[in-house]
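Geometric and topological summary
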Amino acid sequence: MAGSANKMKPKPWTEVATHLVDVAMGRKPADLVIRNGRWVNVHSGEIIAGTDIAVAAGRFAYCGPNAGHAIGQGTKVVDAGGRYLVPGLCDAHMHVESGMVTVTEFCRAVIPHGTTSMFIDPHEIANVLGLPGVRLMHDEAVAMPINVHVQMPSCVPSAPGLEHAGAELTVADVAEAMTWENIIGLGEVMNFPGVAANNPVMSGEIAETVKAGKTVGGHYASRDLGLPFHGYVAGGAEDDHEGTRAEDAIARVRQGMKAMLRLGSAWYDVAAQIKAVTEGGVDPRNFILCTDDSHSGTLVHEGHMDRVVRHAIQQGLKPVTAIQMATLNTAQHFKLEREVGSIAPGRLADLLIVS
Ligand SMILES: [Zn+2]
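Residues numbered from 1 in each chain as written. Predicted model: local features only at pLDDT ≥ 70, side-chain atom pairs only at ≥ 80, totals over all residues. Heavy atoms only, no water.

A separate point is the overall build of the protein chain. Along the backbone of the protein chain there are 14 helices and 14 strands. Here the C-alpha atoms of the protein chain give a radius of gyration of 20 Å, agreeing with the 20 Å that 2.2 N^0.38 yields for 355 residues. Along the longest, intermediate and shortest principal axes, the C-alpha atoms of the protein chain span 65 × 45 × 35 Å. Out of the 355 residues belonging to the protein chain, those deemed buried represent 54%. Taking contacts inside the protein chain between residues at least 6 apart in sequence as the whole, the part at least 24 apart equals 72%. For the protein chain, the accessible surface area stands at approximately 14,300 Å², while carbon and sulfur atoms represent 56% of it. Averaging the locations of the 28 positively and 38 negatively charged side chains of the protein chain gives two centres separated by 9 Å. (Helix = DSSP H or I, 4+ residues; strand = E, 2+ residues; numbered from the N terminus. Rg over C-alpha atoms; globule rule 2.2 N^0.38 Å. Buried < 20%, exposed > 50% of the residue type's maximum accessible area, 1.4 Å probe, protein only. Contact = heavy atoms within 4.5 Å. Areas by Shrake-Rupley, 256 points an atom, 1.4 Å probe, with all protein chains shown as cover. Lys, Arg positive; Asp, Glu negative; His and termini not counted. Charge placed at Lys NZ, Arg CZ, Asp CG, Glu CD.)

Evaluated as defined, the whole model comprises four aromatic pairs. Measuring from ring centre to ring centre gives 5.4 Å for Tyr220 and Phe229, while their planes differ by 65°; the resulting arrangement is edge-to-face. The exposure classification of Tyr220 matches that of Phe229, with both residues buried. Considering the side-chain rings of Tyr220 and Tyr232, the 5.4 Å spacing of their centres and the 40° angle between planes classify their relative orientation as tilted. Taken together, the residues span a long stretch of sequence, with Tyr220 in the loop between strand E10 (215-218) and helix H7 (227-234) and Tyr232 in helix H7 at a distance of twelve residues. Above the ring of Trp267, the side-chain terminus of Arg262 is found at 3.6 Å from the ring centroid. The cationic tip of Arg338 hangs over the ring face of Trp13; the distance from NZ or CZ to the ring centre is 4.4 Å. (Phe/Tyr/Trp six-rings, centres within 6.5 Å; stacked < 30°, edge-to-face > 60°. Lys NZ or Arg CZ within 6 Å of the ring centre and 35° of its normal.)

The subject of this paragraph is the domain arrangement of the protein chain. One frequent convention defines the size of an interface as the accessible area lost when the parts assemble. Taken domain by domain, the protein chain holds domain 1 (13-86 + 347-354) and domain 2 (89-333). Domain 1 and domain 2 are separated by 31 Å when their C-alpha centres are compared. Between domain 1 and domain 2, the residue contacts involve ten residues of the former and nine residues of the latter. Around 810 Å² of area is buried between domain 1 and domain 2 when both sides are counted, 72% of it from carbon and sulfur atoms. For the domain 1 face of the interface with domain 2, the top three residues by lost area are Val42, Asp350 and Leu352, together amounting to 52%. Where domain 1 packs against domain 2, one counts zero salt bridges. Class assignment of the residues belonging to the side of domain 1 that touches domain 2 gives a composition of five nonpolar, three polar and two charged. (Domains from an automatic or database assignment. Buried area = accessible area lost by both parts, 1.4 Å probe. Salt bridge = Lys/Arg side-chain N within 4 Å of Asp/Glu carboxyl O. Nonpolar A, V, L, I, M, F, W, Y, C, P; charged D, E, K, R; others polar.)

Across a regular strand the side chains alternate sides, sitting on one face of the sheet and then on the other. With two bridges joining them, strand E1 (residues 32-41) and strand E5 (residues 84-87) adopt parallel strand pairing. Opposite Arg38, over in E5, you have Tyr84 as the bridge partner. Here E5 runs beside strand E14 (residues 351-354); their pairing, made up of four bridges, is antiparallel. Opposite Tyr84, over in E14, you have Val354 as the bridge partner. (Pairing = 2+ DSSP bridges.)

Right, here's the structure in full:
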């Protein structure tokens, strides 16, 4: 969150690294020490009992067997009582508009469910208000107490010539948005025939995103895994949440994409595709969980990413593997591994204590 206008956000790791070293070494006290937890370690795939975590400047400073040396007079100490310490959950692709609420209200609904990072594509606002609408959502996202990253909508209008919403986004708009603080990449490139046909708007938007060092979100909504699929992949999309069958997930992973599996209010695409891992033996680190569209009722009554993780475990996935798909895998995909997605030194102290 370098240079964030949000005063609630911790300073960049580099600005507080010497302080984190001092806390890890016991030369300065931590702000918070959590004792005796089960560390869900998404890097090693282990669950490590008897773990202490020391937090300073809003970041993890020490994760190990005994943080007693980091406790000073002003340190708040919490006894986890053997509960699990889980990294804050990430929703890798979603549209706040589907909840029929603002970004602020959406965050208010999902924070109690353990969501600490969201990757939102304000496509619906963009359809109506264009770039100023994206900016509106972006600026609200920057002000949130959790990490709300914004994917720049790629296909506005979504069906050129068939709709009259009034807005249009151009390659120049995408290039401009890539300079905004919380823009994390390009949102669902849904004009897949356009990509395969080398439509200059599609190839131009993808090129601007790649030039900015950001992630290109895919959206290949077709069951055809023949040449149109191969042409789409060659265009540069790095993930896809439109698969519905195990073979869809396998095809995407083989081509170097991340298979994003969604469980939303109307999407039930985890159960079939997760068999690529549980039965097919495909590397689970290439799988990411998301919701895409959650109605407010789903959020309130069933939950958010906690619901998706529970569902994935019910499909036969190891719990730590399911958690990886909603934490570290997502962070790595969006080049945020140094900031979020795990409980490890330097990362933002986004942590859940759960039974
Ligand atoms: Zn979407």
